[in-house]
There are 2 protein chains.
Amino acid sequence: MTYVSPSTGCEIKAVLFDTFGSVVDWRSGVARDVAAFAKHHRIGVDAVAFADAWRAKYEPSMEPIRNRSREFVPLDQLHMENLHATVAEFDLNAADFDNRDIADLNAAWERLDPWQDSVAGLAELGRHVIVGPLSNANLALLLRMALRAKLPWTVIVGSDATRAYKPTLQAYQSMAWILRLDPGQVMLTAAHNRDLTFAQRAGLGTAFIPRPTELGPGQTKDLTAEGDWDLVCASILDLASRFADE
Amino acid sequence: MTYVSPSTGCEIKAVLFDTFGSVVDWRSGVARDVAAFAKHHRIGVDAVAFADAWRAKYEPSMEPIRNRSREFVPLDQLHMENLHATVAEFDLNAADFDNRDIADLNAAWERLDPWQDSVAGLAELGRHVIVGPLSNANLALLLRMALRAKLPWTVIVGSDATRAYKPTLQAYQSMAWILRLDPGQVMLTAAHNRDLTFAQRAGLGTAFIPRPTELGPGQTKDLTAEGDWDLVCASILDLASRFADE
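Residues numbered from 1 in each chain as written. Chains lettered and ligands numbered in written order. Predicted model: local features only at pLDDT ≥ 70, side-chain atom pairs only at ≥ 80, totals over all residues. Heavy atoms only, no water.

(A) Quick look at the relation of the copies chain A and chain B. Of the two same-sequence chains, chain A is brought onto chain B (RMSD 0.0 Å, axial shift 0.0 Å) by a rotation of 180 degrees. A rotation of that kind, with that shift, is consistent with a two-fold axis. Among all residues of chain A, the one whose C-alpha sits closest to the rotation axis is A:Ala161, at a distance of 2.4 Å. Here 100% of the contact residues of chain A are again contact residues in chain B; the copies associate through an equivalent surface. (Least-squares fit on C-alpha atoms with pLDDT ≥ 70 in both. Contact = heavy atoms within 4.5 Å.)

Pasting the structure below:
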């Protein structure tokens, strides 16, 4: 069966995914590696608070690149800058640690576990359409994440290929261009309504999958679909079923 | 087993492949599609001569981009420009054909058959290292080629990500950078001694696999290894065996 997006009027040829939060659980993965780092170095740190503080710098750190006041640099570099800032915020000194240990902690973003439905869902969906990330992460990060978590992407294009960070329209449209698809033939799947809002503005199809524990047990945002998305699905497996032969 | 390149001194983490000629047979694939195009349009054309003439424009068309007298454009665009020039060379007029038929003929480069050992060899090699193309082709072309020919790449990075054409050193070194590997951890496999010469200069490991019929039955070049390559292999399966557990 082919799936025609009601909003774009096109048959969807590629279903791309926001990755952090939508496909993998960044919060517990990063906290796990922060805890291991703290234990190894015998320092007391609230690992979950550290993960949240590190992630809180994610959006602001891309902003100068989005508004072109800074040249594009790949996300692993921003993660490293943000890690240094977070270390300082927790009254630690990065210079007290071996550079290799800091680099290894920065690679925590490559060691994130998929949500329970992700691997099977992507594999099933990949039988019908091109399946890949549409993430702010760079290719090397996404590749290592995929190898570890066994994410069965058809293709991986990183933000270092588009040289644009979501939610600029260029990030969505350049991805379609790289794949030689019309924006309307591409669907973004995300657990974040804001991401979908901009994808829709860029002309893509949209699918929402809630990830109600991404931000922890007290999560209050993105619990439900807040836009007119093509599809609202309980899981990636549920999404794949919309593309399956009847 | 891990494989340490004697020339770079590094363990090889990624084995990348020249694609046209080394992994897939461009000449018979393009000639097949030219013949089908000619038959459909009831024109008499020597399809193999057309394929050779089209391919003859490949290297010269990248030269202005390599020497920076032209901005980077992706290979599918160069193929299209070269197709128009070849059509004219054969005393045909591109305007006589539907644009969609011309675009479909240009996509012949996506419909190339793998050499007999390619699919099994890449699959076996992919159990041990990252396996991908290091081609002048852009991602969309390589992706569609891989989907059709079932090439089991671990990852596809196109020249539209490095924005550099081989054999500039930048093409090899940017690929390693995108993968976050040292050049010495990357090996280029190719059927072309010239490609390997520049890969070696760029600091990569090298493997040669002869493809003695790439240019047809009368092929005189690249029949044997002409440099001090790390490996000289009879096939990609043979190459994979050098990375296999003993």
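(B) Seen up close, the interface of chain A and chain B. Contacts between the two partners involve 20 residues from chain A and, on the opposite side, 20 residues from chain B. Summing both sides of the interface, chain A and chain B together bury roughly 1,500 Å²; the carbon and sulfur share of this comes to 65%. Counting every contact that joins chain A to chain B gives two salt bridges. The salt bridge involving B:Arg180 is made with A:Asp76; its shortest N-O contact spans 2.6 Å. Where chain A packs against chain B, one counts six residue pairs in polar contact (both at pLDDT 80 or more). Of all the secondary structure elements, the ones that give two or more residues to the side of chain A that touches chain B are helix H7 (139-149), helix H8 (159-162) and helix H9 (169-178) of chain A. Broken down by element, the residue count for the side of chain A that touches chain B peaks at five residues, all from H7(A). (Buried area = accessible area lost by both parts, 1.4 Å probe. Salt bridge = Lys/Arg side-chain N within 4 Å of Asp/Glu carboxyl O. Polar contact = N/O pair within 3.5 Å; in protein donor to acceptor, adjacent residues only side chain to side chain. Helix = DSSP H or I, 4+ residues; strand = E, 2+ residues; numbered from the N terminus.)

(C) Examining unusual backbone geometry more closely. The omega torsion of the bond from A:Lys166 to A:Pro167 falls at 5 degrees, within 30 degrees of zero and hence cis. With respect to the helices, strands and loops of the structure, A:Pro167 is situated in the loop between H8 and H9. One non-glycine residue with positive phi stands out, namely A:Asp91, at about 60 degrees. The backbone of B:Lys150 sits at a positive phi, close to 55 degrees, despite the residue not being glycine. Within the fold, B:Lys150 resides in the loop between helix H7 (139-149) and helix H8 (159-162). Taking the relative accessible area as the measure of exposure, B:Lys150 reaches 63% and is therefore exposed. (Buried < 20%, exposed > 50% of the residue type's maximum accessible area, 1.4 Å probe, protein only.)

(D) Seen up close, the pattern of salt bridges. All names here are of chain A. Applying the stated criterion across every chain, the model contains 36 salt bridges over all chains. Residues Glu81 and Arg70 are paired through a salt bridge, measuring 2.7 Å at the closest nitrogen-oxygen approach. Within this pair, whereas Glu81 is found in helix H4 (residues 75-89), its partner Arg70 is found in the loop between helix H3 (58-66) and H4, the two being separated by 11 residues in sequence. Put simply, Arg32, Asp33, Asp104, Arg111, Asp113 and Arg148 are held in one network by salt bridges that share partners.

(E) Highlighting the sheet that holds strand S6 (residues 205-208) of chain A. Residue and element names in this part refer to chain A. The strand order S4-S1-S5-S6-S7 describes an open sheet built from five strands, whose pairing is parallel. Both outer strands of the open sheet, strand S4 (130-133) and strand S7 (231-232), are each paired with one neighbouring strand and no more. As defined by bridge partners, strand S1 (residues 14-17) adjoins S4 across four bridges and the pair is classed as parallel. If you follow Phe17 over to S4, its bridge partner there is Pro133. (Pairing = 2+ DSSP bridges.)

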